[in-house]
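# Inside the fold
As a plain string of letters, each chain reads:
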Amino acid sequence: MAGARWLFAALSALRAVSPWPRVRLPAASQGQQSRRGASSSSPEAGEGQIRLTDSCVQRLLEITEGSEFLRLQVEGGGCSGFQYKFSLDTVIHPDDRVFEQGGARVVVDSDSLAFVKGAHVDFSQELIRSSFQVLNNPQAQQGCSCGSSFSVKL
């Protein structure tokens, strides 16, 4: 529950930076996979890569300005042991890895990358929320139902 409150606060902060545009929700007949078609900066992205979905790229291009990018971090906490943290940032540190697709950038520090390498970053719009999410994380053994926390494979 604390993770859900944190996510709501983070989304509220993003809304304050850039209002969410009013968009139509995709028709149910289009299905989740067509909306979340995975893309990467190279056709054969390696195992240590983070892949961005088309919806993630589109949303980042809408909300970032100048040198802003989406930072993905993994922290201890949440109902499954670890939780994903998303924030907008402008500073790239020496231990950061930058993943770029279509002009949108996601940055992950080296410690967090060990927990999310090979995963997809998506932007999901639903009736009850809109959020960035980590999908298909090969480092996660299981996750919570809201998708904001996970436990790692040993």
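Just so we're clear, the structure is a prediction, and the values are computed from it rather than from any experiment.

Time to look at the environment of Thr64. The residue Thr64 is located in the loop between α3 (54-63) and β3 (69-76) in this model. Classification of Thr64 by relative accessible area gives partly exposed; the value is 21%. In contact with Thr64, not counting residues within four places along its chain, are Phe69 and Leu88. Among the polar contacts listed, one links the side chain of Thr64 to the backbone oxygen of Leu60, at a separation of 2.6 Å.

On inspection of all chains with the given rule, the structure shows five salt bridges. The partner of Glu75 in a salt bridge is Lys85, with the nearest N and O atoms 3.7 Å apart. Pair noted here: Glu75 is in strand β3 and Lys85 is in strand β4 (residues 82-89), with a separation of ten residues, a long-range link. In this structure Lys85 comes out as partly exposed when scored by relative accessible area, which is 25%.

With that settled, the discussion passes to the packing of aromatic side chains. How two aromatic rings sit relative to each other is set out by the distance from centre to centre and by the angle between their planes. All chains considered together, the criterion is met by three aromatic pairs. Ring geometry for Phe82 and Phe115: centres 4.9 Å apart, planes at 35°, overall tilted. Linking Phe82 in strand β4 with Phe115 in helix α4 (residues 110-116), this pair joins segments that are 33 residues apart in sequence. An angle of 40° between the planes, with centres 6.0 Å apart, marks the rings of Phe86 and Phe132 as tilted. Residue Phe86 is located in strand β4, and its partner Phe132 is located in strand β8 (residues 130-135); the two are separated by 46 residues in the primary sequence. Overall, the relative accessible area of 5% leaves Phe132 in the buried class. What links up through ring pairs into an aromatic cluster is the set Phe86, Phe123 and Phe132.

What counts, and at which threshold
- Residues numbered from 1 in each chain as written.
- Predicted model: local features only at pLDDT ≥ 70, side-chain atom pairs only at ≥ 80, totals over all residues.
- Heavy atoms only, no water.
- Helix = DSSP H or I, 4+ residues; strand = E, 2+ residues; numbered from the N terminus.
- Buried < 20%, exposed > 50% of the residue type's maximum accessible area, 1.4 Å probe, protein only.
- Contact = heavy atoms within 4.5 Å.
- Polar contact = N/O pair within 3.5 Å; in protein donor to acceptor, adjacent residues only side chain to side chain.
- Salt bridge = Lys/Arg side-chain N within 4 Å of Asp/Glu carboxyl O.
- Phe/Tyr/Trp six-rings, centres within 6.5 Å; stacked < 30°, edge-to-face > 60°.

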